[in-house]
Amino acid sequence: METDEIARGLPFQLQFDKPVPSQIKIAEWNPEKDLLAMVTEDSKILLHRFNWQRLWTVSPEAFSESFQGRCITSLCWRPDGKAIAVGLEDGTISLHDVENGKFLRSMKSHTEAVVCLNWEEDGQPIGDSGNILAYEDRTSRFFPPAPRIPRMPGLVSGDTSFMDDSEDSFGELSNSSHQRFNILCSGDKDGSICFSIFGIFPIGKIVALSKDLCRLIVTCSGELIEESIESRDRHIFGHGLLGLHSLALDTSIFWNRTKSCLLDGKNELHQVAQQASNIEDLTEVIRASLSVMSKQWSDAMHMFHEKFDSLSSLINDHGLDSSPQEEFLSLLCGAQTSPPLHQFLVCSIGEVGLKRVSKAMSNAGKELQLIVLDHLQPAAEIIAFRMGELRGLSRWRARYKVIGLDERLINNATEKAGMFLVQVERFIMVLSSALQQFSNFFSWLLKCIKLLVSETSDQLVSFNSELVIIFLRFLYDQDPVRQLLELSEVDHNIEIELETMQKIKELVQLGGFSDSEYLQRTMAKEFQQMASSFKEAFVMPFSTISEKILCEDLLPMFPFPSSPFNVPTSISYYKDISLDVSTYQTCQRRFIDYIAFKVPNESFPDILNCIGIARGFMHDLSSVKKGYTSLEAVLLSIPDGYHCVDLSLYKESQMVLLLNEITSTSESSGSAHMLVVQVTDLPFVSVPRSTNFNYWKLHELKDSITYLQIENEKIRSIPHSAIAPMAVSASRGVACVFAARKRALVYILEEDEDEVTDAE
């Protein structure tokens, strides 16, 4: 074989042959760059350049502590190649920045292991469709860039470095992803399929998503239980069929809202998804801001109470029956300093201790004010604006009710956003007042200490006696700032003056908030209710779209004799050159689907060592109704002495096969071969369809098997026994093959015409 290859020139130039640290179980090429992402058996993600330079390595433990010990079960790239989606065994999907592997965010759409991920985008940029109703995000016209999440510190009082520059990554990636409408499709071990617009906003649940986003072909292995699936004009029945099945799902809701393509549903979905995903991001900014603020203020107040609580002990030790507030008031009114108060001021806290507490409170207050101004308030304002936009869209019922934008729920969420904005304004005033009173109290105490130790106090900051009295009555043993920031197990209503409550109720008649009791809630409680209202409003599109994703057809491929097992499978879509379809015609006819798979020898006793290829499954949906079929298939027999390790549909209707030579020795010994087969040259046979779905259609092709002539194909010998997976990139024209002896071999599939001529 090697001699024959040399004689006619070796195809597929070998770029390099490199060792890998451990066996690879998943590998995917970046669709836009010469980058290869790989997952090792111990669930580490490796990213290599085409020259095999490793850029970074991450493991689930690096994502978050909650992911520790989780196994990676799937991986795919975002269509623009700037982010990686990773599926975990617990049903979580995490997103990572391609530049450094940094964990960006995660979502939990599944309860079982995510075994399949596919991310596809619309080929047309947003706004280029010529549709006057195309979406434009107007937020940037009125607001500066959205705030980032404040850094979660191991907080030290006085540390004002809130922000982590790397938090910008997700915002930039999110904004760039919105240039084209794209959907992340994920499937789990139990057969649930979820759709997320931009990979961050769940929009449906019911895998290779068609390029026009109108149809979804799902290959699933397992037992098809008896169940009636109603879809439009047909019923699909299965009766305990254990094997591999192809299902056709109608996902045209992602494209056409109505029969007129001039009104396309992707614009409505795009608007709702972008607004909702941005609101969810900003909600996380607020959540983190409240957490940081609560921690900062709690640390400062802990220091205050740690110092001043000792005064109560001193009063008890001296046998007095007074409170610290009464002792301070006596001192303020000119009475003689009591022994415990004198000891506290001169010995326990002293001038240095008081200044330290004063600085801690001042720094904490400044930090809280910065977080409010730089993070909390801008996030709340942008949320309110975006909710207002969604509120306007929800009133256009003819276009937006059909995708689940519920006017009542959106109105409620918009009102909650407005209430929270009022709570932020109140918090700013409460915090400012508290800081002023703390500062005034400390200035008075410092002057008292100076007088007690007979030091001059002329240069000290003046104080207000009335504010000292107010502080001792309302702030010394109370904490209104913390009350607004933290959720308590028991809801405590904030006391509001009757006159104020009456005015709020009167405003309801003039278009004010319908909930007149919102000022009695804390800011933390208001945020909790706001986040809950967002979740309730945004789950409606998810439920509505899920009901509109219909199963249209079922094609049993081959049976399993026992429990399901993994077989090489590949699905791709190619432009149907036989049809001249314009942009405004039905989108599902622009592409023709190909399904390639290895047929297990255990499936049919008279079909051994074969590869099956079916095409036109999607086209067959309407053809069956007209009395004829467009579904075609072919069985390709692998020559004796070889078995298929993996396969991948390639561009221009080609298929890349990876074959191992069958040897009697260990699996790691021997050699492999990689070849490219022109699928369109194969003699496809029309497959008759019927309403009986309890029959394996592939068995009808047993008398028309085509035998693969290896010597007539472009083939390359590999001096190692190969294992799955084989990573093929149609956009880059390269393939990576992994050897059983922990090696990676990268081949260039595209040949230079000059080199081919010279070889000939």
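Scoring rules and cut-offs
- Residues numbered from 1 in each chain as written.
- Predicted model: local features only at pLDDT ≥ 70, side-chain atom pairs only at ≥ 80, totals over all residues.
- Heavy atoms only, no water.
- Axes fitted to C-alpha atoms, helices over the stretch in contact; angles between N-to-C directions.
- Helix = DSSP H or I, 4+ residues; strand = E, 2+ residues; numbered from the N terminus.
- Parallel < 35°, antiparallel > 145°, perpendicular 65-115°, else oblique.
- Left-handed = near helix turned anticlockwise from the far one by under 90°.
- Contact = heavy atoms within 4.5 Å.
- Buried < 20%, exposed > 50% of the residue type's maximum accessible area, 1.4 Å probe, protein only.
- Phe/Tyr/Trp six-rings, centres within 6.5 Å; stacked < 30°, edge-to-face > 60°.
- Lys NZ or Arg CZ within 6 Å of the ring centre and 35° of its normal.
- Arc of directions from axis to C-beta.
- Polar contact = N/O pair within 3.5 Å; in protein donor to acceptor, adjacent residues only side chain to side chain.
- Salt bridge = Lys/Arg side-chain N within 4 Å of Asp/Glu carboxyl O.
- Pairing = 2+ DSSP bridges.

Draft legend 1. Highlighting the packing of helix α6 (residues 310-317) against helix α8 (residues 339-394). Between α6 and α8, the shortest axis-to-axis distance is 9 Å and the interhelical angle comes to 140 degrees. The angle between α6 and α8 falls in the class oblique. Here α6 and α8 pass one another in a crossing that is right-handed. Listed contacts from α8 to S310, L311, L314 and I315 of α6 are P340, L341, Q343, F344 and S348.

Draft legend 2. Structural view of the environment of G641. Along the chain, the position of G641 falls in the loop between β23 (632-637) and β24 (642-650). Here the alpha-carbon distance between G641 and T663, two residues 22 residues apart in the chain, equals 8.0 Å. Other than its neighbours up to four places away in sequence, G641 contacts N660, E661 and I662.

Draft legend 3. The side chain of Q437, seen in detail. With respect to the element layout, Q437 can be found in helix α10 (residues 407-452). Accessibility expressed as a relative area gives 10% for Q437, which makes it buried. For Q437, the residues in contact, after removing those within four places along its chain, are L467, I470, F471 and L475.

Draft legend 4. Broad picture of the packing of aromatic side chains. A complete count under the given rule lists 32 aromatic pairs for this structure. Among the aromatic side chains, those forming a connected cluster through ring pairs are W297, F304, F308, F328, F344, F438, F441, F442, W444, F471 and Y476. In this structure, R399 is placed above the aromatic ring of W396, and the distance from its NZ or CZ to the ring centre is 5.2 Å. Positioned above the aromatic ring of F684 is the side chain of R615, whose terminal nitrogen or guanidinium carbon lies 4.0 Å from the ring centre.

Draft legend 5. Summary view of helix α11 (residues 465-474). Listing the buried residues of α11 in full gives L467, V468, F471 and L472. Axial view of α11: buried residues confined to an arc of 135 degrees, hence all on one face. Across α11 from its buried face, at more than 90 degrees, point the exposed residues E466 and R473. The N-capping residue of α11, defined by a side-chain oxygen 2.8 Å from the backbone nitrogen of E466, is N464.

Draft legend 6. Region of the structure containing the environment of K535. Structurally, K535 is set in helix α14 (residues 523-548). A relative accessible area of 65% means that K535 is categorised as exposed. Sequence-wise, K535 and A413 are 122 residues apart; in three dimensions their C-alpha atoms are separated by 9.1 Å.

Draft legend 7. View of the pattern of salt bridges. Under the criterion given, the structure shown has 20 salt bridges. The partner of E407 in a salt bridge is R397, with the nearest N and O atoms 2.8 Å apart. Of this pair, E407 sits in helix α10 while R397 sits in helix α9 (residues 397-400); the two residues are 10 residues apart in sequence, bridging distant segments of the chain. A single network of salt bridges, built from pairs that share partners, joins K416, D515, R521 and E526.

Draft legend 8. Up close: the sheet that holds strand β30 (residues 722-729). Taken together, 4 strands build an open sheet; the order of strands is β1-β32-β31-β30 and the sheet is antiparallel. Only two strands of the sheet have a single partner each, and these edge strands are β1 (13-19) and β30. Pairwise comparison of adjacent strand axes, ignoring direction, gives a mean angle of 15 degrees for this sheet. Pairing of strand β31 (residues 734-739) with strand β32 (residues 743-748) involves 6 bridges; the strand directions are antiparallel. Bridge pairing links V737 to L745 in β32.

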